[in-house]
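# Residue-level structural notes
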Amino acid sequence: LMELGFDSRRLAGIEIAAVGRKTASVLHCYGIHADLQPENYRGTALVEMLRRSVDKKQVTIIRASRGSRELPDELSAAGASVREVIAYENIDVESADSQTKTWMEEGKIDSVTVTSSATAVNLHRMYGSRLKQCRIAAISPVTAAKLIELGINVDAVADPHTIEDLLAEIIRQS
């Protein structure tokens, strides 16, 4: 908005939703109030909040370059005209760090935090069975399910699904 010469007044009359409290907090810093915010910080919960009210409405989803298709697909199925705007791009690391591999093999890494299903797949690709040497902490049940599907045990899951709560869960279990 600011780059285009506007401020938050340009959004008057538009309903704003944020999946997590951090996103809502950042919006607030720009004078934008999140009208809707699911309690469990998951896109699926936002779908449930919006499903009955989006028919024939335009919905813009600002998101990462990859992630769950559930929110846009479900809102489209509910009759919304959905436009996706990519705010940032996720890029996989090509190869594993050799020092990290060594530390894993030597048992010097206690915990690995996994913040998305894509991260789970990428970590599995790079570190494979070495991950079994570490405690694995997942940001959400969806990420935990992907890890389990990949044959990786999950030791902790954040609830609510934030980095702070993930770290708190790791500390609580220590």
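It should be noted that the structure appears before, not after, this text.
Along every chain, residues carry numbers that run from 1 in the direction the sequence is written. Under the rules for a predicted model, residues below a pLDDT of 70 receive no local features and side-chain atom pairs below 80 are neither given nor counted, while totals for whole chains, interfaces and linings still include all residues. Computation of side-chain values: all heavy atoms of the structure, hydrogens and water removed.

## Some points on the sheet that holds strand β3 (residues 111-114)
Within the open sheet, the 3 strands sit side by side as β3-β4-β5. Their pairing is parallel. Each end of this open sheet is capped by a strand with a single partner; those strands are β3 and β5 (156-157). For two strands to pair, DSSP has to find at least two bridges joining them. Think of it this way: any DSSP run of H or I at least four residues long counts as a helix, any run of E at least two long counts as a strand, and we number them from the N terminus.

## Some remarks on the nonpolar core
Ranked by internal contacts, the top residues of the largest apolar core, which has 16 residues, are Met104, Val112, Val114, Tyr127, Leu131, Ile136 and Leu147. Those elements that provide at least two residues to this core are β3, α5 (117-127), β4 (135-138) and α6 (141-149). By nonpolar core is meant a set of buried Ala, Val, Leu, Ile, Met, Phe, Trp, Tyr and Cys residues that side-chain atoms within 4.5 Å join together. Between buried and exposed lies partly exposed: a residue is buried under 20% and exposed over 50% of the maximum accessible area for its type, with that area taken using a 1.4 Å probe on protein chains only.

## Regarding the pairing of strand β1 (residues 58-64)
In terms of strand pairing, β1 meets strand β2 (residues 81-88) through 7 bridges, oriented parallel. Along β2, the bridge assignment pairs Val59 with Val82. Consider the strands pointing away from the viewer: the crossover is right-handed when the path from the first strand over the helix to the second runs clockwise. The parallel pair β1 and β2 is bridged by helix α3 (residues 70-77), and the resulting crossover is right-handed.

## A word on the side chain of Thr162
Here Thr162 lies in the loop between β5 and α7 (163-173). Taking relative accessible area as the criterion, Thr162 reaches 9% and is therefore assigned buried. Apart from residues no more than four positions distant in its own chain, Thr162 is found in contact with Arg21, Tyr41 and Ile139. Should any heavy atoms of two residues lie within 4.5 Å, those residues are counted as being in contact.

## Focus on the packing of aromatic side chains
Pairs were defined over the aromatic rings of Phe, Tyr and Trp, the Trp ring being its six-membered one, requiring ring centres within 6.5 Å. Orientation was assigned from the angle between planes: stacked under 30 degrees, edge-to-face over 60, tilted for the rest. Counted according to the given criterion, the structure contains 0 aromatic pairs. We call a charge positioned above a ring when the Lys NZ or Arg CZ atom is no farther than 6 Å from the ring centre and deviates by at most 35 degrees from the ring normal. Over the face of the ring belonging to Phe6 we find Arg10, whose NZ or CZ atom lies 4.0 Å from the ring centre.

Bear in mind that shape data such as this cannot, by itself, settle questions of function.
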